[in-house]
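As a plain string of letters, each chain reads:
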Amino acid sequence: MAYKKKCHYGNASQRPASLPPPPPPPPPPLPQSAKHLSNVNIRLKQMNWKPLAKHHFAEGCFWKEQQGVNVYCSSEEEDILDGLAQHFALPILNVAQKTAEKSKIDLRVLDRISVQNLLIVLRVSFKDTSYEQIKQHILRCETTKLNSDFIEKLIKSLPTPDKMKELCELNNRGIQLLAVEKFVASLGDIKQLIPRLDCMKFMICFNDMAEDLEHDILTVTSACNEIIASKKFGKILTVILSICNLMNPGFQTIGFELDILKRLHDMKSSHREYTLLHFVVEAVYRKYPECLNLADEMAHVGKATRVNSDDIKQTIEKVIQSSENLQILLKDIGGSQSSGDKFEEQMSPFALKAHHQVDMLKKMMHDMHNTYLNASKYFAFDVKTCSMDDFITNINNFKTQFAKAYAEILILQKKGMPRRSFGRQLQKPVNAKSGQHQVLNAPIVDAKVKRLCKGCTVKLKRLSKQDIVAANQSGKRKRRQQ
């Protein structure tokens, strides 16, 4: 065309009159809000922002300068919308929701939050299953398709019995309801729905609960029997008794409560690195070296500390109550089942099996308690002040601390520490200046224990207060010199 040729005229007044005027500029692009996706079923997530009104724009404001500026052209905006649809599209409405939106049927009885929670429970467990099939699974007690988690959430999501009864009445009168409310109304026709669901959950979880209970009860019973039958533990207790009698010459005893075992590690020597438990380990090493591997006779004690006796008791009570509820429910439902209802057919054999299993668990629980009572009589402690868990934990902590103290002594021996009179002298690491080991004096009571562990039966002379003060001062002078 003629107007596309290169023109050398400076302005319009110089342009010849024969030339046509230039074409008008293209229309401005539509605003972002006017754009629509090609697929009308796709909905995008919306950004929760706060738009600014024009009267907020001052002179020189950034947003005022951006008015009329278009970052993307039409084709680029379509690409952006496609990318947004790929990454930020909302889930497509299912058939039930589309039907509800088209028909605009309001909820009759249930509130929207309850319906939403129920839909989430159903959608997670049965994505491609109709409501009628879910009802048939419940009537037939198909535990292979219904898990305990779904049943528990379904019980929590169902409305109250009054609301379910109201929905049943509306449905029987032919009033149009939403699909979810129809499903709840159909469940309301099932006799004893909530107790039935509880029994199904009990049936699904029973085997695992029985196995866990049996394992925990046997572990605690074995631990108590091992503690009572341990000859090594008994010999170690006699060594501790003799040492403590020597440390308390004015208060002799023929026995002690087992809570002293956890305080042996807390009693430090004068140099704070040597404890009474180390001393006991060395005494056992000299007197009964075969008792150092105490853990060999207590294989179940450590495992029993992870068992809570109160939890065992509560679980057994729960199992007993659930078994009794099942027996009662079978009597109520028997003879009045609707077509397709197989509750009695499926639950009667399980109820008989659960009854025998519960009787066996009750007997095992009784045996475990008797074993604990035998341990309390054997070691002369009060069951009111020392529970079963405290007793086993105390013994296990002593067993662990005893093995740790023995390992620490072996490490010191490998470093060259001479074994002198059961820890009378304990060496610190090598001194960098002198190149020699630093030797510290152990407690004064070591002299008494030394003679005891040698088998000496001569009564030891009790040290006077002056002797103790003199010995302590001598030890301080030696440490200053080092």
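Predicted, not measured: the structure shown is a model, and the values here were computed from it.

A. Structural view of the overall build of the chain. The helix and strand tally for the chain stands at 17 helices and two strands. Residues classed as buried in the chain amount to 31% of the 482 residues present. When the accessible surface of the chain is totalled, it reaches about 31,600 Å², and 53% of it is carbon and sulfur.

B. Region of the structure containing the confidence of the model for the chain. Residue-level pLDDT values for the chain average 77, and 70% of them are 70 or greater. This stretch, residues 1–14, has a pLDDT under 50; its non-local contacts, to residues over four places away or in other chains, come to five contacts. The model gives residues 98–103 a pLDDT under 50, and that stretch makes six contacts with residues more than four places away or in other chains.

C. Molecular detail of helix H11 (residues 276–287). Here H11 is 12 residues long and its end C-alpha atoms lie 16 Å apart, about the 16 Å a rise of 1.5 Å per residue gives. With nine of 12 residues buried, H11 lies mostly within the body of the structure. All buried positions along H11 are accounted for by Leu276, Leu277, His278, Phe279, Val280, Val281, Glu282, Ala283 and Val284.

D. Quick peek at unusual backbone geometry. For Gln192, which is not glycine, the phi torsion reads 55 degrees and is therefore positive. If you trace the backbone, Gln192 turns up in the loop between helix H8 (179–188) and helix H9 (193–229). Phi is positive for Ala380, which is not a glycine, with a value near 55 degrees. Here Ala380 shows up in the loop between helix H14 (343–379) and helix H15 (388–414).

E. Representation of the environment of Glu169. One can find Glu169 in helix H7 (residues 161–172). Expressed as a C-alpha distance, the spacing of Glu169 and Ala185, which sit 16 residues apart in the sequence, is 8.3 Å.

F. View of the packing of aromatic side chains. The final tally for this structure, using the stated rule, is 12 aromatic pairs. Aromatic pair Phe126 and Phe150: ring centres 4.9 Å apart, planes at 80 degrees, arrangement edge-to-face. Of this pair, Phe126 sits in the loop between helix H4 (112–125) and helix H5 (131–140) while Phe150 sits in helix H6 (residues 148–157), and the two are 24 residues apart along the sequence. For the pair Phe126 and Phe150, a shared accessibility class is recorded, and that class is buried. Consider the rings of Phe398 and Phe402, whose centres lie 5.8 Å apart with planes at 45 degrees: the pair is tilted. Residue Phe398 and its partner Phe402 are located together in helix H15, separated by four residues, close to a single helical turn. Of the two residues, Phe398 and Phe402, both sit in the buried class.

G. Looking closely at the nonpolar core. In terms of nonpolar packing, the biggest core is built from 98 residues, with Ile138, Phe233, Phe391 and Phe398 touching the most fellow members. Among the elements that line this core, the one with the most residues is H9, at 15 residues.

H. Structural context of the side chain of Glu181. Among the structural elements, Glu181 can be located in helix H8. Within the structure, the side chain of Glu181 is placed 3.1 Å from the backbone nitrogen of Leu110, a separation counted as a polar contact.

I. Just a negative patch on the surface, in detail. Together, Glu76, Glu78, Asp79 and Asp82 line one region of the surface with negative charge. Positionally, Asp82 belongs in helix H2 (residues 74–87).

J. The state of the cysteines, seen in detail. Scanning the model with the defined rule gives zero disulfides in all. The cysteine Cys141 is free of any disulfide, with Cys199 supplying the nearest cysteine sulfur at 9.1 Å. A relative accessible area of 4% means that Cys141 is categorised as buried.

K. Representation of the environment of Glu297. Turning to its location among the elements, Glu297 is positioned in the loop between H11 and helix H12 (301–304). In this view, Glu297 contacts Glu226, Ser230, Lys231, Lys232 and Phe233; residues no more than four positions away in its chain are not counted.

L. Fine view of a nonpolar patch on the surface. On the surface, Ile80, Leu84 and Phe88 cluster together into a nonpolar patch covering about 240 Å² of accessible area. Counting through the fold element by element, Phe88 comes out in the loop between H2 and helix H3 (95–103).

M. Quick look at the pattern of salt bridges. Counted under the stated rule, the structure contains eight salt bridges. With a shortest N-O distance of 3.4 Å, Lys153 and Asp149 are connected by a salt bridge. Of this pair, Lys153 and Asp149 both sit in helix H6, separated by four residues, roughly a single helical turn. Judged by its relative accessible area of 39%, Lys153 falls in the partly exposed class. One salt bridge connects Lys156 with Glu152, and the closest N-O pair in it is separated by 3.6 Å.

N. Local environment of the packing of H9 against helix H13 (residues 309–333). Packing of H9 against H13 leaves a shortest axis separation of 10 Å and a crossing angle of 145 degrees. The element H9 and its partner H13 pack so that their crossing is left-handed. Every residue of H13 that contacts H9 at Pro195, Arg196, Cys199, Phe202, Phe206, Met209, Leu213, Asp216 and Ile217 is listed here: Ile312, Thr315, Ile316, Val319, Ser322, Ser323, Leu326, Leu329 and Ile333. For the contact of H9 with H13, the per-class residue count stands at 13 nonpolar, three polar and two charged.

O. How the structure looks around the side chain of Lys232. Residue position: Lys232 is located in helix H10 (residues 231–247). Buried charge without a salt bridge: Lys232, with Glu297 as the nearest opposite-charge side chain at an N-O distance of 4.4 Å. Reaching out from Lys232, the side chain makes a polar contact with the side chain of Asn293 at a distance of 2.8 Å. The contact partners of Lys232, leaving out residues within four places of it in the chain, are Glu290, Cys291, Asn293, Leu294, Asp296 and Glu297.

Rules of the game
Residues numbered from 1 in each chain as written. Predicted model: local features only at pLDDT ≥ 70, side-chain atom pairs only at ≥ 80, totals over all residues. Heavy atoms only, no water. Helix = DSSP H or I, 4+ residues; strand = E, 2+ residues; numbered from the N terminus. Buried < 20%, exposed > 50% of the residue type's maximum accessible area, 1.4 Å probe, protein only. Areas by Shrake-Rupley, 256 points an atom, 1.4 Å probe, with all protein chains shown as cover. pLDDT = per-residue confidence, 0-100. Contact = heavy atoms within 4.5 Å. Expected span 1.5 Å × (residues − 1). Phe/Tyr/Trp six-rings, centres within 6.5 Å; stacked < 30°, edge-to-face > 60°. Core = buried A, V, L, I, M, F, W, Y, C linked by side-chain atoms within 4.5 Å. Polar contact = N/O pair within 3.5 Å; in protein donor to acceptor, adjacent residues only side chain to side chain. Patch = residues over 30% accessible without salt bridge, like charges linked within 9 Å, V, L, I, M, F, W, Y side chains within 5 Å. Salt bridge = Lys/Arg side-chain N within 4 Å of Asp/Glu carboxyl O. Lys, Arg positive; Asp, Glu negative; His and termini not counted. Charge placed at Lys NZ, Arg CZ, Asp CG, Glu CD. Disulfide = S-S within 2.5 Å. Axes fitted to C-alpha atoms, helices over the stretch in contact; angles between N-to-C directions. Left-handed = near helix turned anticlockwise from the far one by under 90°. Nonpolar A, V, L, I, M, F, W, Y, C, P; charged D, E, K, R; others polar.

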